[in-house]
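# Per-entry structural report
So the chains spell out like this:
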Amino acid sequence: MANQNNSTNLTEKDLFYREKKKEEMKHQIITFAMMIIFTLIAFGIVMADVSKLFTIPIIIVLAIVQVGFQFFYFMHMSNEGHSWPTTMIFSGIFAAFLTVLALTTIVWWG
Amino acid sequence: MADELLKSTNLPHDPERATLEGKNKFLGFWFFLGGETVLFASLFGTYLALKNSHLDGVPASELYGLGLVFIMTMILLTSSLTSVYAIYHMKNNDHKKMMLWLGITVLLGFSFLGLEVYEFYHYVNDYGHGFTTSAFSSAFYALVGFHGAHVAFGLGWFILLMVRNRKRGINLYNAPKFYIASLYWHFIDVVWVFIFTVVYLMGVVG
């Protein structure tokens, strides 16, 4: 039934994977630190009240990089066996880009 | 063989994708996320197109307060990390720690949701910024509210999984379920990154 012990007799392969998971965890913590830093920079630039033409492109680029980190490390898209997920997300992003482009340009005819 | 693998002491290294069912759920869920991207894009596009049409209501630059948004952002970002921890412990077959981190994730999620409810309440009561006030307010509530609904759904999902599997331990049947719920949670955070950038930060900049 409720058996939640770690197996006691670990093989070499188990240890290898355990090490690999630890390595992955390290990447994820770095990812988290980067995301916090990007968020701080984005809020900081807006608070600093510099030119709008300068602020908006920078905060959008920061958001895109941050989301990339989230996809590739937090959601494990950088691991093997993720070619279909990558295809799906990038097709989604492509369609999303066209959608936003269409909706934001169509108002000009208004 | 199959029986033995389903026992929780003998998990393979990627338990979420070790069965055909798990693989199908994994693929299917990423397909769904591709669709969600487009769905949120249409809400973002609508918001961007209508954000200056505020009629007699308050404009975006006077409405938003960055302090609250910053706290909400940090809470949701941290909850994304805690669900990463949960999956890490799932892969190490540590049921107790996985449940603990999922619990922390749920608590953070609830505090995010609470702050969002407070934010909307504040806008409606102190600024007269209701759902039908202007095209801007409708687009704002549709986008941010839809994200909030996703958070609420994700919380319900986590709680259901935790209650259902509280005594089961981790096995090949429930590992894909936990994994996919955490993917959904990360995706909610992805959407929030664009919301705080495009809606709040760009709204304050003008």
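Residues numbered from 1 in each chain as written. Chains lettered and ligands numbered in written order. Predicted model: local features only at pLDDT ≥ 70, side-chain atom pairs only at ≥ 80, totals over all residues. Heavy atoms only, no water.

All names here are of chain B. One pass over the structure, following the stated rule, counts 31 aromatic pairs over all chains. Judged by centre distance (6.4 Å) and plane angle (50°), the ring pair of Y64 and Y123 falls under tilted. Of this pair, Y64 sits in the loop between helix 3 (60-63) and helix 4 (66-91) while Y123 sits in helix 5 (residues 95-127), placing them 59 residues apart in sequence. Like Y64, the residue Y123 is buried in the burial classification. Measuring from ring centre to ring centre gives 6.1 Å for F153 and W157, while their planes differ by 65°; the resulting arrangement is edge-to-face. With F153 and W157 both in helix 6 (residues 135-164), this residue pair falls 4 residues apart, about one helical turn. A connected cluster of aromatic rings, assembled from ring pairs, spans Y47, Y64, F112, F120, Y123, Y127, F131, F136, F140, Y141, W192 and Y200. (Phe/Tyr/Trp six-rings, centres within 6.5 Å; stacked < 30°, edge-to-face > 60°. Helix = DSSP H or I, 4+ residues; strand = E, 2+ residues; numbered from the N terminus. Buried < 20%, exposed > 50% of the residue type's maximum accessible area, 1.4 Å probe, protein only.)

Here the focus is the layout of surface pockets. What the largest pocket holds in volume is close to 920 Å³. Around the largest pocket, the lining is made up of 31 residues, and of these I64, A96, F97 and V100 of chain A together with F194 of chain B lie nearest the centre. Of all the secondary structure elements, the ones that give two or more residues to the lining of the largest pocket are helix 2 (52-74) and helix 3 (83-106) of chain A together with helix 2 (20-50) and helix 7 (175-205) of chain B. Ranked by residue count, the leading element in the lining of the largest pocket is helix 3 of chain A, at 9 residues. In terms of residue class, the lining of the largest pocket is built from 26 nonpolar, 5 polar and no charged. Split by domain, the residues of the lining of the largest pocket number at least three in each of domain 1 (14-79) and domain 2 (80-110) of chain A. (1 Å grid on protein atoms, 1.4 Å probe; cavity = no way out; pocket = protein on both sides within 12 Å on 5 of 7 lines; lining within 4 Å. Points joined across faces, edges and corners; volume = space filled by probe spheres on them. Nonpolar A, V, L, I, M, F, W, Y, C, P; charged D, E, K, R; others polar. Domains from an automatic or database assignment.)

What follows deals with the confidence of the model for chain A. Residues and elements named next belong to chain A. Scored by pLDDT, chain A comes out at a mean of 87, with 90% of its residues at no less than 70. Looking across chain A, the model is least confident in helix 1 (residues 12-48), with a mean pLDDT of 90, and most confident in helix 3, with 94. Low pLDDT (under 50) marks residues 1-7, which in the prediction has 13 contacts with non-local residues, meaning those over four places away or in another chain. (pLDDT = per-residue confidence, 0-100. Contact = heavy atoms within 4.5 Å.)

What follows covers the environment of T37 of chain B. Checked against the element boundaries, T37 of chain B lands in helix 2. Linking T37 of chain B and F187 of chain B, residues 150 residues apart in sequence, is a C-alpha distance of 9.1 Å. Among residues more than four places away in sequence, those in contact with T37 of chain B are I89, G92, I93 and A96 of chain A together with F187 of chain B.

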